[in-house]
Amino acid sequence: MQRNDGVIMDGVYKQGSTTTVGGKTIDLGGMTHQQAVDAGYMRPASALAYYANSHSWFSGIRERAMYESSWISVQQVSLNYDLPGHIAKRLKMNGLRVGVYGNDLFFLYNSAPDGFNPYSVSDSGSGAMNEGSAMPYVRRFGFSINGSF
């Protein structure tokens, strides 16, 4: 079965790199992965293999797994209004406040690669570099009504 997907790696094969195609040894030294794929010597790497080998600790620390994770975000904005006293008194209350709010609105700065949500990194140990099953950055909006009796 022919697969028509995958990842083309950045970089050049080192001198002495070879592959075998149809029983014939091919020297890949100095070729880019794109050139080797176009010539039919190599196939694109499967996404599974690419991410397992470039992000995991399984085969050593990888560059893609090491990054700065600094961010500044607007986490909450709220606007409240105290209704006039005569409105609250009609409802037999001492005070009445209405408001609207927004949580996790946006990032002012995010150094994480690919702009992923740094809140999804839920570990402070050796697993902190994994962005597995990350949750998207979800904005929440709502309103509130507060009364005092």
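Just above sits the structure.
(A) Main features of the overall build of the chain. Across its full length, the chain carries 3 helices and 5 strands. When its helices and strands are written in sequence order, the chain yields β-β-α-α-β-α-β-β. The burial tally for the chain puts 21% of its 149 residues in the buried class. If you take every contact in the chain between residues at least 6 apart in sequence, the share linking residues at least 24 apart comes to 55%. Surface accessibility of the chain: about 10900 Å² in total, with carbon and sulfur atoms responsible for 55%.

(B) Looking closely at the pattern of salt bridges. If you walk through the whole model with that rule in mind, you get 2 salt bridges. With a closest N to O distance of 2.8 Å, Arg97 and Asp82 form a salt bridge. Of the two residues, Arg97 sits in strand β4 (residues 95-110) while Asp82 sits in strand β3 (residues 71-82), which places them 15 residues apart along the sequence. Between Arg140 and Asp104 there is a salt bridge, with the nearest N and O atoms lying 3.3 Å from each other. With Arg140 in strand β5 (residues 140-148) and Asp104 in strand β4, this pair connects stretches of sequence that are 36 residues apart. For Arg140, a relative accessible area of 43% gives the class partly exposed.

(C) Structural detail: the sheet that holds β3. Strands sit in the order β3-β4-β5 across an open sheet of 3 strands; the sheet is antiparallel. With partners counted over all chains shown, the strands left at the sheet margins are β3 and β5, one partner each. Averaged over all pairs of adjacent strands, the angle between strand axes in this sheet comes to 20°, irrespective of strand direction. Judged from the 9 bridges that link them, β4 and β5 form a sheet pairing that is antiparallel. Following the sheet pairing, Gly99 is matched in β5 by Ser144.

(D) Main features of the side chain of Ser17. Positionally, Ser17 belongs in the segment before β1 (18-21). Sequence-distant contacts of Ser17, defined by excluding residues within four places in its chain, comprise Ile26, Asp27, Leu28 and Gly29.

How each quantity is defined
Residues numbered from 1 in each chain as written. Predicted model: local features only at pLDDT ≥ 70, side-chain atom pairs only at ≥ 80, totals over all residues. Heavy atoms only, no water. Helix = DSSP H or I, 4+ residues; strand = E, 2+ residues; numbered from the N terminus. Buried < 20%, exposed > 50% of the residue type's maximum accessible area, 1.4 Å probe, protein only. Contact = heavy atoms within 4.5 Å. Areas by Shrake-Rupley, 256 points an atom, 1.4 Å probe, with all protein chains shown as cover. Salt bridge = Lys/Arg side-chain N within 4 Å of Asp/Glu carboxyl O. Pairing = 2+ DSSP bridges. Axes fitted to C-alpha atoms, helices over the stretch in contact; angles between N-to-C directions.

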